[in-house]
Amino acid sequence: MDKSTIVCRCEEINVDEIETAMKNGAETFDDIKRLTRCGMGPCQSKTCLNPVREIIAEYTGKPLADIRISRMRMPLKLVRMSALTNDSEGGNVASVFGESVEDGETNNE
């Protein structure tokens, strides 16, 4: 692959950025994810997981089977869908995340 080839379309991470992360000590997909945000976009690494694993295998000389996949983590806080809607019963997003409410709005805590 060319150095400018985009591997993670969601976060627009290219091969060169992944290799730079590996030169800076990244050894796993999770390390690369922490350094570059690769795999943190809307698809949650469904598109870039295998290409990144292939780059890691090529860079380290390890077999692809030895390159572990990323750890999947649950969201830190559950949010009810009604909190994300703007109906009278569900509240508003500001109340869920503890942000300030604009003048004239109500905070349904």
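This text follows the structure it describes.
Predicted model only: the values in this text are computed from it and were never measured. (Residues numbered from 1 in each chain as written. Predicted model: local features only at pLDDT ≥ 70, side-chain atom pairs only at ≥ 80, totals over all residues. Heavy atoms only, no water.)

A. Representation of unusual backbone geometry in the model. At Glu12, a position not held by glycine, the phi torsion is positive, near 55 degrees. Turning to its location among the elements, Glu12 is positioned in the loop between strand S1 (6-8) and strand S2 (13-14). Positive phi, close to 70 degrees, is recorded for Ser45, a residue that is not glycine. Inspection of the secondary structure assignment puts Ser45 in the loop between helix H2 (29-36) and helix H3 (49-60). (Helix = DSSP H or I, 4+ residues; strand = E, 2+ residues; numbered from the N terminus.)

B. Inspection of the pattern of salt bridges at higher detail. Under the counting rule described, the total for this entry stands at three salt bridges. The partner of Glu19 in a salt bridge is Lys3, with the nearest N and O atoms 2.3 Å apart. Here Lys3 lies in the segment before S1 and Glu19 lies in helix H1 (residues 15-23), a separation of 16 residues in the sequence. Assessed through its relative accessible area of 13%, Glu19 is described here as buried. Residue classification places Lys3 among the partly exposed positions, given a relative accessible area of 43%. Notably, a salt bridge pairs Glu11 with Arg37, separated by 3.3 Å at the nearest N-O pair. Within this pair, whereas Glu11 is found in the loop between S1 and S2, its partner Arg37 is found in the loop between H2 and H3, the two being separated by 26 residues in sequence. The exposure class assigned to Glu11 is partly exposed, which follows from its relative accessible area of 24%. (Salt bridge = Lys/Arg side-chain N within 4 Å of Asp/Glu carboxyl O. Buried < 20%, exposed > 50% of the residue type's maximum accessible area, 1.4 Å probe, protein only.)

C. Geometry of a nonpolar patch on the surface. A grouping of Val79, Met81 and Leu84 is seen on the molecular surface, where their side chains present a nonpolar patch of about 290 Å² in accessible area. With respect to the helices and strands, the residue Leu84 is situated in helix H4 (residues 81-84). (Patch = residues over 30% accessible without salt bridge, like charges linked within 9 Å, V, L, I, M, F, W, Y side chains within 5 Å. Areas by Shrake-Rupley, 256 points an atom, 1.4 Å probe, with all protein chains shown as cover.)

D. Molecular detail of the nonpolar core. Counting residues in hydrophobic clusters, the biggest one holds 18 residues, and the most contacted among them are Val7, Ile18, Ile32, Cys38, Cys48 and Val52. At the level of secondary structure, the elements contributing two or more residues to this core comprise S1, H1, H2 and H3. Leaving out residues up to four positions away in the same chain, Val7 has contacts with Ile13, Asn14, Val15, Ile18, Cys48, Pro51, Val52 and Ile55. (Core = buried A, V, L, I, M, F, W, Y, C linked by side-chain atoms within 4.5 Å. Contact = heavy atoms within 4.5 Å.)

E. Quick look at the state of the cysteines. Per the counting criterion, the structure on display carries zero disulfides. No disulfide involves Cys8; its nearest neighbouring cysteine sulfur is the one of Cys48, lying 4.0 Å away. No disulfide involves Cys43; its sulfur sits 3.7 Å from the nearest other cysteine sulfur, which is in Cys10. Exposure remark for Cys43: the relative accessible area of 17% places this residue in the buried category. (Disulfide = S-S within 2.5 Å.)

F. Molecular detail of H2. Phe29, Asp30, Ile32, Lys33 and Thr36 are the residues of H2 that are buried. Taken end-on, H2 shows its buried residues confined to a sector of 160 degrees, consistent with a single buried face. Facing away from the buried surface of H2 by more than 90 degrees, the exposed residues are Arg34 and Leu35. In this structure, the buried side of H2 is in contact with S2, H1 and H3. One or two steps after H2, the chain reaches Arg37, where phi turns positive at roughly 75 degrees. (Arc of directions from axis to C-beta.)

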